[in-house]
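Results of the structural survey
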Amino acid sequence: MREAIHEILTDVSDSFSNMIDMALANEIRVLIKQIESSDCVQTIGSAISNLLSLTQDGPQLCSIIAKEGAVVALFKICRQDCFRDLYAHALRTVASICCVEEGINQLDKVNHLYPQTQFSLST
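Quick notes on the rules
Residues numbered from 1 in each chain as written. Predicted model: local features only at pLDDT ≥ 70, side-chain atom pairs only at ≥ 80, totals over all residues. Heavy atoms only, no water. Core = buried A, V, L, I, M, F, W, Y, C linked by side-chain atoms within 4.5 Å. Buried < 20%, exposed > 50% of the residue type's maximum accessible area, 1.4 Å probe, protein only. Helix = DSSP H or I, 4+ residues; strand = E, 2+ residues; numbered from the N terminus. Contact = heavy atoms within 4.5 Å. Axes fitted to C-alpha atoms, helices over the stretch in contact; angles between N-to-C directions. Left-handed = near helix turned anticlockwise from the far one by under 90°. Nonpolar A, V, L, I, M, F, W, Y, C, P; charged D, E, K, R; others polar.

The name an unreviewed UniProt entry gives the protein chain is Protein inscuteable homologue C-terminal domain-containing protein, with Xenoophorus captivus as the organism.

Structural data, given as structure tokens:
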């Protein structure tokens with residue numbers, strides 16, 4: 001009986017964790033969409049600040065942020081002169097995201113999109 005209860009509770013816990021991850025991923029997609037579609041420096045800056053804040057909550061959130069494509073979106077900002085004031089903030093956020101493997105994988109995508117600017121984290 002204990003094993004059955006333990007298994008049920010584990011399943012409930014896993015389902016709850018997956019639901020939370022999906023909700024967070026949805027909110028992260030909203031922030032990334034703001035970064036990609038807005039022309040307003042304040043809106044983009046606020047979205048970047050929110051992403052940076054989420055990266056401070058640990059590697060699991062960094063992984064979700066990376067999987068949703070934030071690294072590519074942030075580098076797109078860094079390639080536009082009109083957002084020059086956001087470069088440092090965007091790059092700091094990228095650095096925080098790249099503390100996990102998924103972030104480094106996204107950095108490789110940037111290399112493929114912009115081959116003239118190669119970024120490497122290898123030593």
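1. Here we look at the nonpolar core
Counting residues in each nonpolar core, the largest one holds 31 residues, and the members touching the most others are Ile28, Ile35 and Leu51. If you tally residues by element for this core, the top one is helix H4 (residues 70-78), at eight residues. Beyond its immediate sequence surroundings of up to four residues, Leu51 is in contact with Ile28, Leu31, Ile32, Ile35, Ile65, Ala70 and Thr93.

2. As for the packing of helix H1 (residues 2-37) against helix H2 (residues 41-55)
Where H1 meets H2, the closest approach of the two axes is 8 Å, and the angle between their N-to-C directions is 145 degrees. Note that H1 runs across H2; the crossing there is left-handed. Two secondary-structure elements touch here, H1 through Ile28, Leu31, Ile32, Gln34 and Ile35 and H2 through Thr43, Ile44, Ala47, Ile48, Asn50, Leu51 and Leu54. For the contact of H1 with H2, the residue count by class is nine nonpolar, three polar and no charged.

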